[in-house]
Amino acid sequence: MAEKKFVVAYDGSAHAKKALEWAVDLAQKLSAEIFIVTVSERTLHHLEESYHLIELEKQYHQKFVEEAEEGKTLCEKQGVVAHADVLEGHPADEVIKYARKQKADLIVSGTRGLGGFGQLLLGSVAHKLVTYSDTPVVIVK
């Protein structure tokens with residue numbers, strides 16, 4: 001039997017952690033590997049670049065790297081093979097493209113993510129995942 005691949009949209013929020021826990025539980029049962037992704041919307045690109053904005057963008061990107069690594073560590077502590085990636089663009093679009101690229105068997109997402117500037121998954125993003133993904137999607141509440 002071929003190894004299963006799950007893509008988990010992760011931003012460190014309580015909903016994302018619940019989704020990751022659900023995915024880890026299923027991955028343990030099916031010997032699946034998990035691909036954890038965070039998505040940066042790169043909101044600073046339209047602004048005139050200055051030293052301060054470039055530094056802010058670097059810090060912002062590092063936050064996403066840390067979130068993806070946090071998710072990977074949570075998987076590995078449970079004995080699940082995991083990978084972590086940071087994507088750039090609209091969260092739902094990027095997660096869908098990434099799942100296609102990985103030939104994933106499943107996308108797992110929380111219903112809502114972090115609010116404000118650091119948001120990854122909102123209800124509208126989860127809805128877009130379900131509506132437009134060719135890969136099956138599970139939304140964990």
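Structure first, text after, so check above.
Residues numbered from 1 in each chain as written. Predicted model: local features only at pLDDT ≥ 70, side-chain atom pairs only at ≥ 80, totals over all residues. Heavy atoms only, no water.

In this structure, what is going on with the packing of aromatic side chains? I would like to understand it.
In this description, an aromatic ring pair is defined by two values, namely the gap between the centres and the angle between the planes. The full count for this structure, using the stated rule, is 1 aromatic pair. Over the aromatic face of Phe64 sits the side chain of Lys63, whose NZ or CZ is 4.7 Å from the ring centroid. (Phe/Tyr/Trp six-rings, centres within 6.5 Å; stacked < 30°, edge-to-face > 60°. Lys NZ or Arg CZ within 6 Å of the ring centre and 35° of its normal.)

Quick question: what am I supposed to make of the pattern of salt bridges here?
Should their charged atoms come close, side chains of opposite charge can pair. Enumeration over the complete set of coordinates arrives at 5 salt bridges. The shortest N-O distance in the salt bridge between Lys63 and Glu67 comes to 2.8 Å. One end of the pair is Lys63 and the other is Glu67, both in helix 2 (residues 51-77) and 4 residues apart, which spans about a single turn. Overall, Lys63 belongs to the partly exposed group, its relative accessible area being 27%. Owing to a relative accessible area of 9%, Glu67 belongs among the buried residues under this scheme. (Salt bridge = Lys/Arg side-chain N within 4 Å of Asp/Glu carboxyl O. Helix = DSSP H or I, 4+ residues; strand = E, 2+ residues; numbered from the N terminus. Buried < 20%, exposed > 50% of the residue type's maximum accessible area, 1.4 Å probe, protein only.)

Explain the environment of Ile34 here, please?
Tracing the sequence through the fold places Ile34 in strand 2 (residues 33-40). Residue class for Ile34 comes out buried when judged on its relative accessible area of 0%. Dropping the residues within four chain positions of it, Ile34 is found in contact with Phe6, Val8, Leu20, Ala23, Val24, Ala27, Cys75, Val80, Val81, Ala82 and His83. (Contact = heavy atoms within 4.5 Å.)

I would appreciate a short explanation of unusual backbone geometry in the present structure.
Negative phi characterises most residues that are not glycine, and trans characterises most peptide bonds. Positive phi, normally seen in glycine, also occurs at Ser31, with a value near 55°. Structurally, Ser31 can be placed in the loop between helix 1 (14-30) and strand 2. Here the phi dihedral of Lys103 falls at roughly 55°; this positive angle occurs in a residue that is not glycine. For Lys103, the position within the fold is in the loop between helix 3 (91-102) and strand 4 (106-110). Note on Lys103: relative accessible area 68%, which makes it exposed.

Explain the sheet that holds strand 3 (residues 82-88) here, please?
What links the strands of a sheet is backbone hydrogen bonding, and the strands pair in either a parallel or an antiparallel sense. With parallel pairing, the 5 strands of this open sheet are ordered in space as 3-2-1-4-5. Bordering the open sheet on either side are strand 3 and strand 5 (137-140), each of which pairs with just one other strand. On average, each strand axis in the sheet is inclined to that of its neighbour by 25°, with strand direction left out of account. Together, strand 1 (5-9), strand 2, strand 4 and strand 5 form the strand contacts of helix 1, whose direction differs from that of strand 4 by roughly 150°. Against the sheet, helix 3 contacts strand 1, strand 2, strand 3 and strand 4, and its axis sits at roughly 150° relative to strand 2. (Pairing = 2+ DSSP bridges. Axes fitted to C-alpha atoms, helices over the stretch in contact; angles between N-to-C directions.)

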